[in-house]
Amino acid sequence: MSARVIVNIDVPELQPAIDFYAEAVGVRFSRFLDDDVAELEYGPSAIYLLRKPAASPPTPAAAPVRDFARHWTPVHVDFVVANLDEAVARAIAAGAIRESECIEWRGSRCVTLADPFGHGFCLINFAGERYA
């Protein structure tokens, strides 16, 4: 098997999160792995939604607890899209909150948004296959 990256996103409930990501960015629901894990597909990438209750500790030793209000984290998901304007409109219609104007950088156009579960994400359109 080749090396790859998968993404895990904590959410308070699975079905609203499945619906949001399907409507907002076009992920495809693949399967439930358990009653608290849903597998989604976005192109060749796998995204796992993990049902985790609000106020639960993320690790046994962690002091902060899960909070699904808008929060900042140093890691976020970028969804590469073919048409940025259409993708932003679709995400907002699904319940995303737009947090930035369009930023152009090294042959890309990017808009930052937040999902209904407090997580930031970006929609990116490249002029080519990746950053110039």
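One can find the structure itself at the top, above this paragraph.
Residues numbered from 1 in each chain as written. Predicted model: local features only at pLDDT ≥ 70, side-chain atom pairs only at ≥ 80, totals over all residues. Heavy atoms only, no water.

Asker: Help me get a handle on the nonpolar core, residues and values and all.
Answerer: Core analysis: the largest hydrophobic core is formed by 30 residues, its most contacted members being Y21, V25, L49, F79, F121 and L123. When contributions to this core are tallied by element, the ones reaching two or more residues are β1 (7–11), α1 (14–25), β3 (37–42), β4 (45–51), β5 (77–80), α2 (84–94), β8 (108–114) and β9 (120–126). Among the elements that take part in this core, α1 stands out by supplying 7 residues, more than any other. In contact with F121, other than residues within four places in its own chain, are F20, V25, H76, V77, F79, A91, A96, V111, T112, L113, A114 and D115. (Core = buried A, V, L, I, M, F, W, Y, C linked by side-chain atoms within 4.5 Å. Buried < 20%, exposed > 50% of the residue type's maximum accessible area, 1.4 Å probe, protein only. Helix = DSSP H or I, 4+ residues; strand = E, 2+ residues; numbered from the N terminus. Contact = heavy atoms within 4.5 Å.)

Asker: Account for the packing of aromatic side chains, naming residues and giving values.
Answerer: Scanning the entire structure with this criterion turns up 10 aromatic pairs. Seen from their ring centres, F20 and Y21 are 5.0 Å apart, and the 80° between their planes marks the pair as edge-to-face. The class for F20 is buried, based on a relative accessible area of 3%. Y21 sits in the buried class, given a relative accessible area of 3%. With 5.0 Å between their ring centres and 85° between their planes, Y42 and F79 make a pair best called edge-to-face. Linking Y42 in strand β3 with F79 in strand β5, this pair joins segments that are 37 residues apart in sequence. Note on accessibility: Y42 and F79 belong to one class, buried. Ring-pair connections join several aromatic residues into one group, and the members of that group are F20, Y21, Y42, F79, F117 and F121. The ring centre of W105 lies 5.9 Å from the NZ or CZ of R106, which sits over that ring. (Phe/Tyr/Trp six-rings, centres within 6.5 Å; stacked < 30°, edge-to-face > 60°. Lys NZ or Arg CZ within 6 Å of the ring centre and 35° of its normal.)

Asker: Lay out the sheet that holds strand β2 (residues 28–34) with the relevant residues and their values.
Answerer: Spatial strand order, β1-β4-β3-β2: 4 strands in an open sheet with mixed pairing. The strands lining the two open edges of the sheet, one partner per strand, are β1 and β2. Looking at each pair of strands side by side, their axes are set apart by 25° on average, direction ignored. Judged from the 5 bridges that link them, β1 and β4 form a sheet pairing that is parallel. From the neighbouring strand, V7 faces β4, where its bridge partner is I47. (Pairing = 2+ DSSP bridges. Axes fitted to C-alpha atoms, helices over the stretch in contact; angles between N-to-C directions.)

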